[in-house]
Each structure stands twice: as structure tokens, then as C-alpha cells.
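# Observations on the three-dimensional arrangement
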Amino acid sequence: MGSLREIQNRIVSTKKTSQITRAMQMVSASKLNRAELNAKAYVPYMEKIQEVTSSIAAGTTDLSHPMLISREVKKSAYIIITSDRGLAGAYNSNVLRAAANTITERHNAKEDVLIVAIGRIGYEFFKKRGFSVVDSVIGLSDQPSFAEIKEIAKKAVGMFADGTYDELYMYYSHFVSALSHEITEKKVLPLTDIASESATTSYEFEPSGQAILEVLLPQYAESLIYGALLDSKASEHASRMTAMKSATDNAGDLIDSLTLSFNRARQASITQQITEIVGGVAALE
């Protein structure tokens, strides 16, 4: 009976776990819907600010803005976007593995690399490995607003402008669909390609292209960071939804297996009891 009780307890505890994972799956699905809408709604703004910035840059002669000029790379910075918590399958590990491998291949020493961490998982990963984490933000909401990352984005762009580092990349999980995500590296600074892009629209502006770009270029770089965050959040919620569905399915399979074992053990116990009774009756005769 001890074995039966143990199996029954495991069935009960697994059912409770299954209820939790199913609830988390439903919550993540709801969050994913909103995050996907937020990411898609931000795309037109991204495309427009890129179009305007490219057109002004292409139509302005003698540009001298530091964000548009490549310089000798002595230090590189990487914005790493992860989540604050786990239970999201391989969402975090895939981003961290890709970023760490690239950094190892490109740089001979950790001193040549600076990390800007968005998310606790990424912050702890690089901190434990001895990298210099120059800025971080932890505790973002599930549907982050630009205000939540404005300071870190502004500081990241400012550190490039003042020469703290010479190039800035982002690593994040690009949302393709609920079941498909792509680890993406995007170069944020310098914006060397933007002036060479063909302008599709002609703009009249004043006082000058240079003056407008002084304001517009930092905003454009910050919008790249925020757009990647929205994209990454959609991937996070999708990954957590998938992970919780897998956990729920596995719990169901385990419950079926335990139930079968319980029935077999109970049948064996009943058979043994009947055998003992029959044997006892035979002995009395």
C-alpha cells in the first residue's frame, strides 16, 4: 500500500503542476498577442524615421556628424536583450550563446568589450564572466514603453558620441512567428549606411540638414533599440507560451503513465490479497 500511496501522491502533485503550467501558458498567450501588436504597430514609425533620416543625410553635403563616421575600433559595445526570469525555453540561452561566441571570435580581450544589458539574465551572465557591464535595466514591464528604456538608450548613444566605444551592436531574439524566432545581430552605430541609402522622397527643410540631423540621428538610434526590445518581448512571450505548453503536455503524459502504474499496482495488490485469502481457507480445510 505504501507504493500505491506514493504513486497517488505523485499523480496529485503532477496534476497541480499541470494546472500551473497551463495557466502560465494562457497568460503568456495573452501577453504575446499584445506584444505582437505593439511590435507591428511600431514598424511604420521605424520605416518613416529611417526614410526621413536617409533622405536628409543623402541630400546634405559635408556631413560631419560623429554618428555617421566610422573610426578606428578600440572598444566595442553590445546591447544584449534578454528577460528578467526563466521558464522561457531556450529564449535566453540562444541569445547569450550567440553573443558570447561572436564576442569571443571578434575580440582578444574582455577589456575591449563593453556590455549594455537589458534584462536580468543577460546582466548576470556577463557579470559572472568578468565583462564590464557599463549600464543595465532590469524589471521592465511585459509591454514596455519607450519611457522605460529612454535613459539607457540615450546613454548608449551618448557613450558612442563621446568616444567611450567606437561601435555598438545589438543582440536579441527576432520574432518571426509564435513557433519561430531568429537570433539577430544589428549594428546600431555608426550609421555608416544611412547616408548612402537611395532617397525615395525629397524633403524641404530648414535651417539646415546638419542641424536637423543633430536632433534626428540620436532619436533614430534610440528608436532602433526600442524597436528591437519590442520585437524581443514578442519572442519572449512566445517562447514562454511554447515552453509552458510543452511542460503541460509532458505532465499529461506523466499522469497517464503514473495512472497506469497505479492501476497495475492496485490490481497486483488485490490479486495478492485474494491469493492470501484463498490460501488461508485452504489451510483451514
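Residues numbered from 1 in each chain as written. Predicted model: local features only at pLDDT ≥ 70, side-chain atom pairs only at ≥ 80, totals over all residues. Heavy atoms only, no water.

## Things to note about the sheet that holds strand β5 (residues 180-189)
Strands sit in the order β3-β2-β1-β4-β5 across an open sheet of five strands; the sheet is mixed. One side of each edge strand has no neighbouring strand; the edge strands of this open sheet are β3 (132-137) and β5. Averaged over all neighbouring strand pairs, the angle between strand axes comes to 20°, with direction disregarded. Looking at chain direction, strand β2 (residues 113-118) and β3 are connected through five bridges and run parallel. Bridge pairing in β3 places Val116 opposite Asp135. Packed onto the sheet, helix α2 (residues 91-106) meets β1 (76-81), β2, β4 (167-177) and β5 and runs at close to 150° relative to β4. Strands β1, β2 and β3 of the sheet are contacted by helix α3 (residues 120-128), whose axis makes an angle of about 165° with β3. (Pairing = 2+ DSSP bridges. Helix = DSSP H or I, 4+ residues; strand = E, 2+ residues; numbered from the N terminus. Axes fitted to C-alpha atoms, helices over the stretch in contact; angles between N-to-C directions. Contact = heavy atoms within 4.5 Å.)

## Quick word on the pattern of salt bridges
Going through the model one piece at a time under the given rule, you end up with eight salt bridges. Among the salt bridges present, the one from Arg71 reaches Asp166, with a minimum N-O distance of 2.9 Å. With Arg71 in the loop between α1 (2-58) and β1 and Asp166 in the loop between α4 (146-161) and β4, this residue pair connects regions lying 95 residues apart in the sequence. When the shortest N-O distance is used, the salt bridge between Arg106 and Glu185 registers 2.7 Å. Here the residue Arg106 occupies a position in helix α2, and Glu185 occupies one in strand β5, the gap between them amounting to 79 residues. With relative accessibility at 32%, the residue Glu185 sits in the partly exposed group. Each of Lys233, Glu236 and Arg240 takes part in one network of salt bridges that share partners. (Salt bridge = Lys/Arg side-chain N within 4 Å of Asp/Glu carboxyl O. Buried < 20%, exposed > 50% of the residue type's maximum accessible area, 1.4 Å probe, protein only.)

## Topic: empty space enclosed by the protein
As enumerated under the stated definition, the model contains one cavity of 30 Å³ or more in all. Computed from the structure, the largest cavity encloses a volume of approximately 70 Å³. What lines the largest cavity is Ile81, Thr82, Ser83, Asp84, Tyr91, Ile118, Gly119, Leu140, Leu229, Ser232, Lys233 and Glu236. At four residues, helix α5 (residues 209-284) tops the list of elements feeding residues into the lining of the largest cavity. Tallied by class, the residues present in the lining of the largest cavity amount to five nonpolar, four polar and three charged. (1 Å grid on protein atoms, 1.4 Å probe; cavity = no way out; pocket = protein on both sides within 12 Å on 5 of 7 lines; lining within 4 Å. Points joined across faces, edges and corners; volume = space filled by probe spheres on them. Nonpolar A, V, L, I, M, F, W, Y, C, P; charged D, E, K, R; others polar.)

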